[in-house]
Amino acid sequence: MSQSSLRVVSGLPFVREKLTQLYVARVRGDMAAFAAGFAVDGVFHLLGDPRLVPEAGPRCGRAAIQAVLESLFRNYQYIDGLLVDMIVDLNAAVVRRHVTLRSPATGAIAEFEVAEHLRLRDGEIVELVQFMDTASMAVLAGRI
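Every value quoted in this text rests on a predicted model; they were computed, and no experiment measured them.

Engineer: Give me the lowdown on unusual backbone geometry, citing residues and values where you can.
Structural biologist: With a phi angle near 50 degrees, Asp-122 is a residue other than glycine that sits in the positive phi range. Checked against the element boundaries, Asp-122 lands in the loop between strand 5 (109-121) and strand 6 (124-131). When its relative accessible area of 74% is taken as the criterion, Asp-122 is described as exposed.

Engineer: Residue-level account of the sheet that holds strand 2 (residues 57-60), with values.
Structural biologist: Ordered in space as 2-1-6-5-4-3, the six strands form an open sheet in which the pairing is mixed. Lying at the two open borders of the sheet, with one neighbouring strand each, are strand 2 and strand 3 (77-88). Recorded for the sheet is a direction-independent mean angle of 20 degrees between the axes of neighbouring strands. In the sheet, strand 4 (residues 92-102) pairs with strand 5 via 11 bridges, with the strands oriented antiparallel. The partner of His-98 across the bridge, within strand 5, is Glu-113. Against the sheet, helix 1 (residues 11-28) touches strand 1 (38-46), strand 3, strand 4, strand 5 and strand 6, its axis set at about 170 degrees to strand 3. Across the sheet, helix 3 (residues 62-75) touches strand 1, strand 2, strand 3, strand 4 and strand 6, and the angle it forms with strand 1 is around 35 degrees.

Engineer: Tell me about the pairing of strand 5, and name the residues and values.
Structural biologist: Between the end of strand 4 and the start of strand 5, which pair antiparallel, lie six residues, with Gly-107 showing a positive phi angle near 80 degrees. Two elements, strand 5 and strand 6, share seven bridges in a ladder whose sense is antiparallel. Considered in strand 6, the bridge of Ala-115 is made with Phe-131. Connecting the antiparallel pair strand 5 and strand 6 is a turn made up of two residues, with Asp-122 showing a positive phi of about 50 degrees.

Calculation criteria
Residues numbered from 1 in each chain as written. Predicted model: local features only at pLDDT ≥ 70, side-chain atom pairs only at ≥ 80, totals over all residues. Heavy atoms only, no water. Helix = DSSP H or I, 4+ residues; strand = E, 2+ residues; numbered from the N terminus. Buried < 20%, exposed > 50% of the residue type's maximum accessible area, 1.4 Å probe, protein only. Pairing = 2+ DSSP bridges. Axes fitted to C-alpha atoms, helices over the stretch in contact; angles between N-to-C directions. Contact = heavy atoms within 4.5 Å.

Structure (structure tokens):
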């Protein structure tokens, strides 16, 4: 008879695994699951000019974060992507991704490098700041 063992994952491996699962949900289009990874008072901030990309700017709270991510997912359809790198600490993380997006408005496809800085508290995202070429996003969508 074999004994079962209990494996406890804590600390950095727990944070890394949790963030990985959140990004898997985001790629699948499950923005509710991704937004649930934020603290109740969490902030998502896509840096850029909202005249070029209406989703740019800060959004506070899970409902607002889910809504803006759903809008991004709708307006810039995810074709393919790669999680290039993830550097994780207990209170912060940096994520670098490469994504291929399609604009339903123009049918055009483009590739983007995305960098995200996350502040964490008790395993939840307190703030996620996304750095992306919003001018090229506006060109892709036919806004400029």
